[in-house]
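Per-entry structural report
Here are the chains, one letter per residue:
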There are 2 protein chains.
Amino acid sequence: MDKREFMQAHLPAVGSVRGSREHFAPSNIALCKYWGKRDAQLNLPVNASLSVSLGHLGTRTRVEPLDAPQDSVYLNGRLQGADSRFAQRVSAFIDLFRMGQPEQMFRVDTDNNIPTAAGLASSASGFAALTRAMDEAYGLGMSDTELSVIARLGSGSACRSLFEGFVEWQMGVREDGLDSHAIPVDKPWPGLCVGLVKVDEREKRVDSRAGMQRTKETAHLYQSWPLQAGADLAKLHNALDERDFGLLGAVAEQNALSMHATMIASWPPLLYWQPDTVAAMHRVWALREEGLALYFTMDAGPNLKLLFESASQAAVEAAFPGLEVIKPFGD
Amino acid sequence: MDKREFMQAHLPAVGSVRGSREHFAPSNIALCKYWGKRDAQLNLPVNASLSVSLGHLGTRTRVEPLDAPQDSVYLNGRLQGADSRFAQRVSAFIDLFRMGQPEQMFRVDTDNNIPTAAGLASSASGFAALTRAMDEAYGLGMSDTELSVIARLGSGSACRSLFEGFVEWQMGVREDGLDSHAIPVDKPWPGLCVGLVKVDEREKRVDSRAGMQRTKETAHLYQSWPLQAGADLAKLHNALDERDFGLLGAVAEQNALSMHATMIASWPPLLYWQPDTVAAMHRVWALREEGLALYFTMDAGPNLKLLFESASQAAVEAAFPGLEVIKPFGD
């Protein structure tokens, strides 16, 4: 089954477009990572994942019906060429909504307020916001769960950006992916901090889609990844229930390092780390040995995302000058 | 079964000591790594491994019967304190030979000609040389296979340093480890080069014995390590049969990175890499993209061991100034 077949089977009847709509969706950082697809067409994951949404940091997307031969896609105010990867992904996603009226074009304005080059993916918040905007533009009135399923078709982790706070992406078991969507985990954690350590601002040479594919195909160690992720997810729920920061941090850090381990064990080797990445890791570990409750997570890139609580903020900022600190739940 | 029980069951009857003896054993570098023990008492491995011995680089050990209340252990000409870790490991190993005559002491002179701080373990060559010297000191006349079994009791990888050239350590299946020993693989490879990149000369904070134990206990990904190692060993034999350097290098590099991946996925994380380690890796990969047949392997430390052939030596030395180059089989 491909995306179009899925939408034909499950999208409510699409009438005529209602007008322009605008929506915001938050970026999210996974504490238990999405790494590996059991179905690359539908972005169905090998393992369940758990993230925290980043409050006001994310993507605001506006869609406006357009009488023109093609979509106009703007990113942060700049028109993107129709053959750019960005515009093509956006238009291909909109295709899923306008299937009955293929001539209906849109102007899409995507504005990210994510700190530049901090290693926060904007595709998750972008496809989540676009999904909400398209749902309203056509007046479909889908539920959050249905929207999460559809956002997943644009970018796997986008299904988590439909919700605030902690979010679990349940992997599901169905072939059509109807049960593979995110749900909110209502366990707010005031004072939780995420610190963005910027190591390298250049674009990645291997994107995460290609990275997880290579890992799955060439790293024997990947076979044990679902085991690691499953155990980590259960422990993270314990950490949230008990408000046990040491457990939360340790599980998130081991999970991220295990994901990177599967990349390092692939062929050709996939190492997103730069020398400064390793220097930052050693600094975190040295601070932790001195008693600071500081952990990190990382995505498919060279940048660290520090995890700590408000009480440690001054000490962490002293050790990482210029750190950008995000508080997903406020202070 | 512990080491003493094994020796009581299998050591030939030990008579009186014959006199002083001296032996050399080469250091070795594994292309398929020994990582994880199925029996920590007897150093029985989870997987078979394959190494190349480093010719004249290694350890020369002399044992001399001593009329004294305790052993005198010298390392590179310097007397080691009786309570030093080095002297204690040497004396504990000699205990296995003098079981019937516990009062027989020795002076032991251990001289390593291994380039200082290049990340070459001296315990493998050290215990191999000591095993040969003790065998002769007591006139036991054991076979190379028997000596390999006993050297393994001192340090796992020492069983490989009994032989020159390529060497396979067959993991064996017996509980007493009688079938877990090295055998020579008679496939010489003139022109094969090993280049030592020195990243950090400080002593490791976690030795490989502790490292493999932590990995085995805490890294879910370790469960797939035997699979990786088994596949790699088979491919290495193909590479030796076909004299296929690209295959040899790729398998050795992925094997080493997979071993490090299991450490990175353990808890607390075990990362031997320094910023300069990662810089050197990226340099290798950049050179390879430019067409240079250059690969690396690494042991439980921050230093890279480059693998290349004589034809590439000038280009490799230009990229890694000050490189120490070893030719296990000559030119």
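Rules of the game
- Residues numbered from 1 in each chain as written.
- Chains lettered and ligands numbered in written order.
- Predicted model: local features only at pLDDT ≥ 70, side-chain atom pairs only at ≥ 80, totals over all residues.
- Heavy atoms only, no water.
- Buried < 20%, exposed > 50% of the residue type's maximum accessible area, 1.4 Å probe, protein only.
- Helix = DSSP H or I, 4+ residues; strand = E, 2+ residues; numbered from the N terminus.
- Pairing = 2+ DSSP bridges.
- Contact = heavy atoms within 4.5 Å.
- Buried area = accessible area lost by both parts, 1.4 Å probe.
- Salt bridge = Lys/Arg side-chain N within 4 Å of Asp/Glu carboxyl O.
- Polar contact = N/O pair within 3.5 Å; in protein donor to acceptor, adjacent residues only side chain to side chain.
- Nonpolar A, V, L, I, M, F, W, Y, C, P; charged D, E, K, R; others polar.
- Least-squares fit on C-alpha atoms with pLDDT ≥ 70 in both.
- Arc of directions from axis to C-beta.
- Axes fitted to C-alpha atoms, helices over the stretch in contact; angles between N-to-C directions.
- Parallel < 35°, antiparallel > 145°, perpendicular 65-115°, else oblique.
- Left-handed = near helix turned anticlockwise from the far one by under 90°.
- Core = buried A, V, L, I, M, F, W, Y, C linked by side-chain atoms within 4.5 Å.
- Domains from an automatic or database assignment.
- Phe/Tyr/Trp six-rings, centres within 6.5 Å; stacked < 30°, edge-to-face > 60°.
- Lys NZ or Arg CZ within 6 Å of the ring centre and 35° of its normal.
- Expected span 1.5 Å × (residues − 1).

1. Some thoughts on the pairing of strand 10 (residues 192–197) of chain B
All names here are of chain B. Counting buried positions along strand 10 gives six out of six residues, so the element sits mostly inside the fold. Burial along strand 10 is two-sided: the residues Leu192, Val194 and Leu196 and Cys193, Gly195 and Val197 are all buried. In the sheet, strand 10 pairs with strand 12 (residues 304–309) via six bridges, with the strands oriented antiparallel. Along strand 12, the bridge assignment pairs Cys193 with Phe308. In this sheet, strand 13 (residues 324–326) lies alongside strand 10 in antiparallel orientation, the contact comprising three bridges. What sits directly across from Leu196, in strand 13, is Glu324.

2. Digging into the interface of chain B and chain A
In this complex, chain B contributes 35 residues to the contact, which on the side of chain A involves 35 residues. Broken down residue by residue, the surface that chain B buries against chain A is led by His220, Leu221 and Trp267 of chain B, which jointly contribute 22%. For the pair chain B and chain A, the interface holds zero salt bridges. Counting the contacts that link chain B with chain A gives nine residue pairs in polar contact (both at pLDDT 80 or more). Elements with a contribution of two residues or more to the side of chain B that touches chain A: helix 6 (225–242), helix 7 (245–264) and helix 8 (275–289) of chain B. For the side of chain B that touches chain A, the residue count by class is 20 nonpolar, 11 polar and four charged.

3. Observations concerning the pattern of salt bridges
All names here are of chain A. Enumeration according to the criterion identifies 30 salt bridges over all chains in this entry. Linking Glu136 and Arg21 is a salt bridge whose minimum nitrogen-to-oxygen distance equals 3.8 Å. Taken together, the residues span a long stretch of sequence, with Glu136 in helix 3 (residues 123–137) and Arg21 in strand 1 (residues 21–32) at a distance of 115 residues. A residue is classified by how much of its surface remains accessible, and Glu136, at 34% relative accessible area, is partly exposed. The salt bridge partner of Arg107 is Asp109, with a shortest N-O separation of 2.7 Å. The partly exposed category is assigned to Arg107, whose relative accessible area is 27%. Asp109 gets classed as buried once you look at its relative accessible area, which sits at 13%.

4. What about the relation of the copies chain B and chain A?
Between the two copies, chain B and chain A, the superposition gives an RMSD of 0.0 Å; the rotation angle is 180 degrees and the shift along the axis is 0.0 Å. Taken together, the rotation and translation describe the operation of a two-fold axis. When the interface residues of chain B are mapped onto chain A, 100% of them again fall at the interface, so both copies present the same face.

5. Regarding helix 5 (residues 208–218) of chain A
Residues and elements named next belong to chain A. Looking only at helix 5, the buried set comprises Gly211, Met212 and Thr215. Buried residues of helix 5 fall within an arc of 90 degrees about the axis and therefore sit on the same side. Where helix 5 is buried, its residues contact strand 2 (37–39) and helix 7 (245–264).

6. Section: the sheet that holds strand 12 of chain B
Residues and elements named next belong to chain B. Judged by pairing direction, the sheet is antiparallel, and its four strands sit side by side in the order 11-12-10-13 without closing on themselves. What marks the edges here is a single partner per strand, and that holds for strand 11 (295–298) and strand 13. Within the sheet, the average angular offset between the axes of one strand and its neighbour, ignoring direction, is 30 degrees. Set on the sheet, helix 8 makes contact with strand 10, strand 11 and strand 12; between it and strand 11 the angle comes to about 155 degrees.

7. What to know about the packing of helix 3 (residues 123–137) of chain B against helix 4 (residues 144–154) of chain B
Residue and element names in this part refer to chain B. Running from amino to carboxyl end, helix 3 crosses helix 4 at an angle of 125 degrees, the nearest separation of the two axes being 9 Å. In terms of their interaxial angle, helix 3 and helix 4 are classed as oblique. For the pair helix 3 and helix 4, the crossing hand works out as right-handed. When helix 3 is examined against helix 4, the residues Phe127, Ala128, Thr131, Arg132 and Asp135 are found in contact with a partner set consisting of Asp144, Leu147, Ile150, Ala151 and Gly154.

8. Some thoughts on the nonpolar core
Counting 216 residues, the largest nonpolar core has Trp273, Leu306 and Phe320 of chain A together with Trp273, Leu306 and Phe320 of chain B as the members making the most contacts within it. In this view, Trp273 of chain A contacts Leu257, His260, Ile264, Val278, Met281 and Met298 of chain A together with Ile264, Leu271, Trp273, Val278 and His282 of chain B; residues no more than four positions away in its chain are not counted.

9. Notes on the domain arrangement of chain A
Residue and element names in this part refer to chain A. Examined at the domain level, chain A breaks down into domain 1 (3–185) and domain 2 (192–326). On a C-alpha basis, the centroid separation for the pair domain 1 and domain 2 is 25 Å. With 30 residues of domain 1 in contact, the opposing surface of domain 2 contributes 39 residues. Interface of domain 1 and domain 2: buried area, both sides summed, is about 2,800 Å²; carbon and sulfur atoms make up 70% of it.

10. What to know about the packing of aromatic side chains
For the structure shown, the criterion picks out 19 aromatic pairs over all chains. Ring geometry for Trp189 of chain A against Phe245 of chain A: centres 6.4 Å apart, planes inclined by 75 degrees, an arrangement best described as edge-to-face. Of this pair, Trp189 of chain A sits in the loop between strand 9 (181–185) and strand 10 (192–197) while Phe245 of chain A is found in helix 7, placing the two residues 56 residues apart along the sequence. Comparing Trp189 of chain A with Phe245 of chain A shows no difference in burial state: the two are buried. Among the aromatic residues, ring-to-ring pairing joins Phe166, Trp189, Phe245, Tyr295 and Phe329 of chain A into one connected group. Taking NZ or CZ as reference, Arg107 of chain B lies 3.9 Å from the ring centre of Tyr74 of chain B, over its face.

11. Focus: helix 7 of chain A
All names here are of chain A. The end-to-end C-alpha distance of helix 7, which contains 20 residues, comes to 28 Å, matching closely the 28 Å that a straight helix rising 1.5 Å per residue would cover. Burial of helix 7 is extensive: 18 of the 20 residues sit out of reach of the surface. The backbone nitrogen of Gly246 lies 3.2 Å from a side-chain oxygen of the residue at the head of helix 7, namely Asp244.

12. Let's talk about unusual backbone geometry
All names here are of chain A. For the peptide bond that leads from Trp267 to Pro268, omega is -5 degrees, which places it in the cis range. Inspection of the secondary structure assignment puts Pro268 in the loop between helix 7 and helix 8 (275–289). Its identity as a non-glycine residue notwithstanding, Asn43 has a phi of 50 degrees, on the positive side. Relative to the elements of secondary structure, Asn43 occurs in the loop between strand 2 and strand 3 (44–45). By relative accessible area, Asn43 is classed as buried at 0%. Despite not being glycine, Asn76 has its phi angle at roughly 50 degrees, a positive value. Relative to the elements of secondary structure, Asn76 occurs in the loop between strand 5 (72–75) and strand 6 (78–80).

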